[in-house]
Amino acid sequence: MKVTIDGQSIEVEPGTTILQAARMIGGEVVPPAMCYYSKLKGSGGKCRCCLVEVAKGSEADPRPMPKLMASCVTGCMDGMEVNSKSSDRVQEARKSVTEFLLINHPLDCPVCDQAGECDLQNLSFEHGKSETRFIEEKRTFEPENIGENIQLHMNRCILCYRCVMVADQLTDNRVHGVMDRGDHSNISTCISKAVDNEFSGNMIDVCPVGALTDKTFRFKQRVWFNKPFNAHRNCDKCCGKTTVWMFGNEIQRVTGRKDEYHEVEEFICNTCRFDKKEVTDWTIEGPRRFEKDSVINQNNYTRKLEKVEIDTENGILNGRNQDRKKISMADFPLNNNSKS
């Protein structure tokens, strides 16, 4: 089947969604997605971030669809024509959805461990507004302890359901889910039960905001001061292929390897994620590529940076020399086989 998105055509298989077709094309035509996750069955259709305009339904029925459609759950038809970023109507809808997602979201990016790799930050940067029209009090939830490794910040949650799907599809005994209804809906465990299954740490990786964070990495470092490396180990529970985030020679956290859409390539176990923090535990393959516009890119090792002269008192910056060496990736060669 032939599908055209923002003037770019592509041949796709039957059953392909508009979002999947857009990702095949790549670039700016790809709609943002906060709830869809290609590795999780049944995900999508909740956040409405990926709305697109279907200007032509198909060759058989060329009529346009009257409403904007969620691209992650709308299947392609032969001859379909879709407007994504090129549509003013779509752009306005994405701004409205972003405003809605931020209604109850706290402005705590300066203290949030997700800052620098947060999908909501990226969405807000492109579609957000500098002011708010919301004058009511934001909804808040009492802190809840759901285990020794995962920190739950329910105030930041946008109810994308990804963490619930991970528990459903990777584990046998899910103990958390969405409680209550309407604006009282929240992620919680049944009778304050701890989340302790061996793959629970993947809830952190799939969370698009800072609602679920790693307690072993909590307040340790900003991600842009870490050096990400591909690494692997022999593990009898999972694939053992991870990204280790280092500051100097110290591994500060371990995550699954993510693709360009911030989706985990292969899920990893808690042993690899939380317990293996020594360099000797891993075989380091080499530094990872990262997005050109990523905040981590400030330490980019693929281009030469101009020297910055700071006019200040002698010796004031001398104490930072060691930290600068730990942050910089200039000493590490780029392996072109490394995945992004």
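**So, the sheet that holds strand S5 (residues 80-83)**
The five strands are arranged S2-S1-S5-S3-S4 in an open sheet whose pairing can be described as mixed. Each of the sheet's edge strands pairs with one partner strand only, and the pair in question is strand S2 (8-11) and strand S4 (69-70). Contacting strand S3 (51-56) and S5, helix H2 (residues 88-101) crosses the sheet at an angle of about 160 degrees to S3.

**Remarks on the sheet that holds strand S6 (residues 144-145)**
Whether parallel or antiparallel, the strands of a sheet pair through hydrogen bonds between backbone atoms. Reading across from one edge, S6-S7-S10 is the order of the three strands in this open sheet, with antiparallel pairing throughout. The open sheet terminates on both sides in strands that have one partner only, identified here as S6 and strand S10 (212-214). Taken together, the three bridges between strand S7 (residues 150-152) and S10 define a ladder with antiparallel strand orientation. Across the sheet, Leu152 pairs through a bridge with Leu212, a residue of S10.

**Details of the packing of H2 against helix H3 (residues 119-127)**
Two numbers describe how H2 lies on H3: the axes approach to 10 Å, and their chain directions differ by 130 degrees. Considering the angle they form, H2 stands oblique to H3. Relative to H3, H2 is oriented so that their crossing is left-handed. Counting all contacts with H2, which are made through Gln91, Arg94, Lys95, Thr98 and Leu101, the residues of H3 involved are Leu120, Leu123, Ser124 and His127. By residue class, the composition of the contact of H2 with H3 is three nonpolar, four polar and two charged.

Criteria and cut-off values
Residues numbered from 1 in each chain as written. Predicted model: local features only at pLDDT ≥ 70, side-chain atom pairs only at ≥ 80, totals over all residues. Heavy atoms only, no water. Pairing = 2+ DSSP bridges. Helix = DSSP H or I, 4+ residues; strand = E, 2+ residues; numbered from the N terminus. Contact = heavy atoms within 4.5 Å. Axes fitted to C-alpha atoms, helices over the stretch in contact; angles between N-to-C directions. Parallel < 35°, antiparallel > 145°, perpendicular 65-115°, else oblique. Left-handed = near helix turned anticlockwise from the far one by under 90°. Nonpolar A, V, L, I, M, F, W, Y, C, P; charged D, E, K, R; others polar.

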